[in-house]
Amino acid sequence: MRKDYPVIDLASQQKRIRGDIDRRIQAVLDHGAYIAGPEIAMLESRLADFAGAGHCVACASGTAALDMALQARGIGPGHVVFVPAFSFFATAEAVARVGATPAMVDIDPALFCIDPAALEKAIFAVGSRDPSAYPVPLRALDADMAPAAVVAVDLFGRTADYDRLLPLAERHGLFVLEDAAQSFGSRHGDKKACGLGCGAAATSFYPSKPLGCYGDGGAAFTDDGPTAELLRSLRDHGREAGNAGRHVRIGFNARLDTIQAAVLLAKLEVFEEELEARGRVAAWYAEALAGVDGISAPRPAPGGSGSWAQYCILVEGGRRDALARHLRGRGIGTNVYYRIPLHLEPAFAELGYAPEDMPVSLAVSRTILALPFHPYLERDGVETIADAIRGFMR
Ligand SMILES: *Cc1c(COP(=O)(O)O)cnc(C)c1O
């Protein structure tokens, strides 16, 4: 019988830890604290320790974590927030939702993360209202708009170039929010994603992320105590700390369910091992794909080890979609992240960008292809997949 290779395989992991998951869910059913149960605080403390961050505030999704982190820092109307033009929609959506204006910045062609040199030009263009220096959203040219923040995304689990981004942001007084939805567990030098010293970080526990639960979930991280208090208040209708009866600001309902925290606590038990396995699978791919004509395999992040949320190759010669069909015919799943760069999403049409404004993001959106990737993929599977790619590209 032919063996199929889905893009992601959550079943192998579940089989491995099903007993622990069942026990922990049972414990929640027994104590009955479905909201704000003891597992939430336990999870927050484990995650903060893991990442090396001062505080962790668990919440309903990665999107809610981004939204709350921007709101906690007072980002809103009149503010320009720089975002990479190549990311999941939520990165820029959260900026627009709090009323700020997302300004797109092109990505580094090797890392797929925001390009610090392009960011510097974009900051200058917005600050000087000079769109000849870098493409800027039409609205950012209004007299009452000022640069306020940058959302750096650790795309596919490789951390962005914080060694350049953090000093640059500091020089310009910008708040840095790390969108670590795909990178929880990634190392960056002697630090880890969500503990890099950014103003705040947001991660996601969507099931397919490196640390995923069985539904929606997320968390925000910060080293700043008052910001953490604000985040806790915002996720729970703006309640006053220590006084459940008083609402002192407008928040929303963005709490994590206790059952999801229980699932995450079980998954944390095997997470380090899975991260190591992810590194091994990435190394097998790099070896198996080396020298395949027309394919560029991703390089490891400089100075770190990624969580490899996705393993994405670039396919040259306009053959990306044909290769995907070829692989599907052999039972090998693929995905495209992302087919539409953010500056061309219909929801952002009013920003007034043209396709060529972000040339790297545009080129990558046309050539990128995610291969099957998860910690339980075996070496012969990687070789079967690489052989199928080589056979087509020949
Ligand atoms: C998944 C993801 C999000 C949103 O996370 P949700 O938990 O799905 O809301 C935000 N940014 C990036 C880069 C993501 O990959």
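Overview of the structure. Keep in mind it's a predicted model, so treat the numbers as computed, not measured. (Residues numbered from 1 in each chain as written. Predicted model: local features only at pLDDT ≥ 70, side-chain atom pairs only at ≥ 80, totals over all residues. Heavy atoms only, no water.)

### Details of empty space enclosed by the protein
Link 1 in the chain: Under the definition given, this model contains two cavities of 30 Å³ or more.
Link 2 in the chain: Estimates place the volume of the largest cavity at around 100 Å³.
Link 3 in the chain: Lining the largest cavity are 15 residues; nearest its centre among them are Leu 10, Gln 13, Pro 210, Arg 278 and Pro 375.
Link 4 in the chain: Element by element, the count of residues in the lining of the largest cavity is highest for helix H8 (residues 258–289), at three residues.
Link 5 in the chain: Across the lining of the largest cavity, the residue classes tally to six nonpolar, four polar and five charged.
Link 6 in the chain: In this model, the second largest cavity occupies a volume close to 60 Å³.
Link 7 in the chain: Ala 53, Glu 178, Cys 194, Gly 195, Leu 196, Gly 197, Cys 198, Ala 200, Ala 201, Phe 221, Thr 222 and Asp 223 are the residues that line the second largest cavity.
Link 8 in the chain: Residue classes in the lining of the second largest cavity are distributed as seven nonpolar, three polar and two charged. (1 Å grid on protein atoms, 1.4 Å probe; cavity = no way out; pocket = protein on both sides within 12 Å on 5 of 7 lines; lining within 4 Å. Points joined across faces, edges and corners; volume = space filled by probe spheres on them. Helix = DSSP H or I, 4+ residues; strand = E, 2+ residues; numbered from the N terminus. Nonpolar A, V, L, I, M, F, W, Y, C, P; charged D, E, K, R; others polar.)

### Overview of the packing of helix H5 (residues 116–127) against helix H6 (residues 162–171)
Link 1 in the chain: The contact between H5 and H6 brings their axes to 10 Å, and the two run at 10 degrees. Taken as axis vectors, H5 and H6 run roughly parallel relative to one another. In the crossing of H5 with H6, the sense of the turn from one axis to the other is right-handed. Residues Pro 116, Ala 117, Leu 119, Glu 120 and Ile 123 of H5 lie in contact with H6, whose contacting residues are Arg 164, Leu 165, Leu 168 and Arg 171.
Link 2 in the chain: Here the contact of H5 with H6 is composed, by residue class, of six nonpolar, no polar and three charged. (Axes fitted to C-alpha atoms, helices over the stretch in contact; angles between N-to-C directions. Parallel < 35°, antiparallel > 145°, perpendicular 65-115°, else oblique. Left-handed = near helix turned anticlockwise from the far one by under 90°. Contact = heavy atoms within 4.5 Å.)

### What to know about helix H11 (residues 379–393)
Link 1 in the chain: Compared with the 21 Å implied by 1.5 Å per residue over 15 residues, the 21 Å span of H11 between its first and last C-alpha is a close match.
Link 2 in the chain: Along H11, the positions that sit buried rather than exposed are Gly 381, Val 382, Ile 385, Ala 386, Ala 388, Ile 389, Phe 392 and Met 393. For H11, the angular spread of buried residues about the axis comes to 155 degrees, placing them on one side.
Link 3 in the chain: Elements in contact with the buried residues of H11: H8, strand S12 (295–296), strand S14 (311–315), helix H9 (320–328) and strand S15 (368–371). (Expected span 1.5 Å × (residues − 1). Buried < 20%, exposed > 50% of the residue type's maximum accessible area, 1.4 Å probe, protein only. Arc of directions from axis to C-beta.)

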